[in-house]
Amino acid sequence: MSTSLPPPRTASDLEHRVEPGGTFRLSDSQEILKVEETKKKFLSYGRQHVSDEDIEAVTRVLRSDWLTQGPAIAQFEDALAEKVGASHVVACATGTAALHLAMLGLRIGPGDKILTTPNTFLADANCGRYVGADVAFADIETDTGNIAPDAVAAALEADIDRKIKAVIPVHFAGQPCDLPRIHELATEHGAVVVDDGCHALGASYSCDGKSILIGNASHSAMTVFSFHPVKHVAMGEGGAIATNDGDLAERVRTLRNHGMTKSDFTYSDQAASPEGDTNPWYYEMQHLGFNYRVTDIQAALGLSQLDRLRWSIEHRNRLADQYRTLIAGSLPSETVKPLSVRPGVVHAYHLFVVLIDFNRLGVSRASVMKQLREAGVGSQVHYIPVHLQPYYRQHAGTAPGDFPNAERYYEQALSLPMYPDLTAKDCGRVVDTLRACLT
Ligand SMILES: *Cc1c(COP(=O)(O)O)cnc(C)c1O
């Protein structure tokens, strides 16, 4: 922020200020400032929780010999592997990098196709394009926002020349999708499953009487996680792949670091002296990789945050119960309903999404979001269907009407504040404010 300007006072001040670099955008931090003036805290739709222990953990790394590629990364990987019950975890720069590494690790490329949900963040489709594969979508269940197994079955059936090599379902909002069924369908088709657990760290589903954690890789080749600050564990930026396949883990570990290796050399004559001693400086690049490394600073933060995962999930579930009770008690169920939850799942509640029939209520979502914001309540829309993005209309030939459930869902979806520092009282304020906006 420019120091020559006085501190912002009012919303209109903020909206009309122009920075040397362009128009000033009202960001959440300025919103916080603004709402503080009215003595109410701003409730954003999601936010990180950073404790004194987290700060100490990061500080310890800063005082150590390693800022990157030190011991904290392996510690974080081991702790996450234990938490989700996977044999291997490879941490990397972002969730998007993890998805890209997963595609590279599976050797998906030009001529192949990936199948994902339209109701997700762009990265689940983009990872296919990064490796030159085409992208196909399968429609969702409107009431959960998750990919519909029947739509997956239909898409695989339509893929007569078996180009679909990977199915990438997302555990939307933190609720596990029907992974066992999707795994069965994909396996029959000769495709692998890479499940996107970015919303669902700490979530589980039941299968054959057993409770299975997301990331446990019982019904997928790999699970991908993100540690962006709005996710369950914050690293600033960060991601990971969990898998039970040791070869796959090794491959993505190498690809995370330029495809460089210091063992299993192709050219042993270059690698070693005539006497057979490995040259100490020698490395080889056998595959084209990337710099998708994560730092020790980030890993230390992630490790410290991981300790509070269970607390965070339990608290989020209590908040969700509170929201459900308040919404059922004060808003008409024909026009306002939270997403439904399948029996047997433990929901991680990354998001709390409510479906609102704005058309029937005769209000626009944009005006409701604006009024909520003015009252100090943040909200968001997850997600604009990926198949409607200009890029995918052009590259996948998709159009409005292709995935009607995702499109109907999108018209109605609104994510309400959900994060560990939210209180039951805050939920009351959110629902009261929402009711005032809708009636
Ligand atoms: C956040 C997110 C990603 C991408 O993670 P980044 O760490 O931001 O790259 C991918 N998929 C889903 C569903 C996400 O929510």
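Here, the structure is the one placed above.
Residues numbered from 1 in each chain as written. Predicted model: local features only at pLDDT ≥ 70, side-chain atom pairs only at ≥ 80, totals over all residues. Heavy atoms only, no water.

(A) Structural context of helix H8 (residues 179-189). Among all positions of H8, only Leu-179, Pro-180, Ile-182, Leu-185, Ala-186 and His-189 are buried. Packing partners of the buried residues in H8 comprise helix H7 (149-158), strand E6 (164-168), strand E7 (192-196) and strand E8 (204-207). One or two steps after H8, the chain reaches Gly-190, where phi turns positive at roughly 80°. (Buried < 20%, exposed > 50% of the residue type's maximum accessible area, 1.4 Å probe, protein only. Helix = DSSP H or I, 4+ residues; strand = E, 2+ residues; numbered from the N terminus. Contact = heavy atoms within 4.5 Å.)

(B) A look at the pairing of strand E15 (residues 352-356). When you tally the buried positions in E15, you get five out of five residues, the bulk of the element. Burial of E15 is two-sided: the residues Phe-352, Val-354 and Ile-356 facing one way and the residues Val-353 and Leu-355 facing the other way are all buried. Bridging between strand E14 (residues 336-338) and E15 involves three bridges; their strand directions are antiparallel. Its bridge partner lying in E15, Lys-337 is registered against Leu-355. As paired strands, E15 and strand E16 (residues 413-416) are joined by four bridges and run antiparallel to one another. Note on E16: the bridge partner recorded for Leu-355 is Ala-413. (Pairing = 2+ DSSP bridges.)

(C) Layout of the pairing of E8. In this structure, E8 lies alongside strand E9 (residues 210-213), joined through four bridges in antiparallel fashion. Bridging across to E9, Tyr-205 finds its partner in Ile-212. Hairpin geometry of E8 and E9 is characterised by an intervening segment of two residues between the two adjacent antiparallel strands and by a positive phi of about 50° at Asp-208.

(D) Region of the structure containing the pattern of salt bridges. Applying the stated criterion to the full structure yields 10 salt bridges. Between Arg-256 and Glu-77 there is a salt bridge, and its shortest N-O distance comes to 3.0 Å. With Arg-256 in the loop between helix H9 (246-255) and strand E12 (260-261) and Glu-77 in helix H4 (residues 71-84), the pair connects residues that are 179 residues apart, well separated along the chain. On the basis of relative accessible area, Arg-256 is assigned to the buried category, the value being 10%. Of the charged contacts in the structure, one is a salt bridge between Asp-134 and Arg-129, with a shortest N-O distance of 3.7 Å. Looking at Arg-129, the relative accessible area reads 25%, which means it is partly exposed. One network of salt bridges, in which partners are shared, links Glu-77, Arg-253 and Arg-256. (Salt bridge = Lys/Arg side-chain N within 4 Å of Asp/Glu carboxyl O.)

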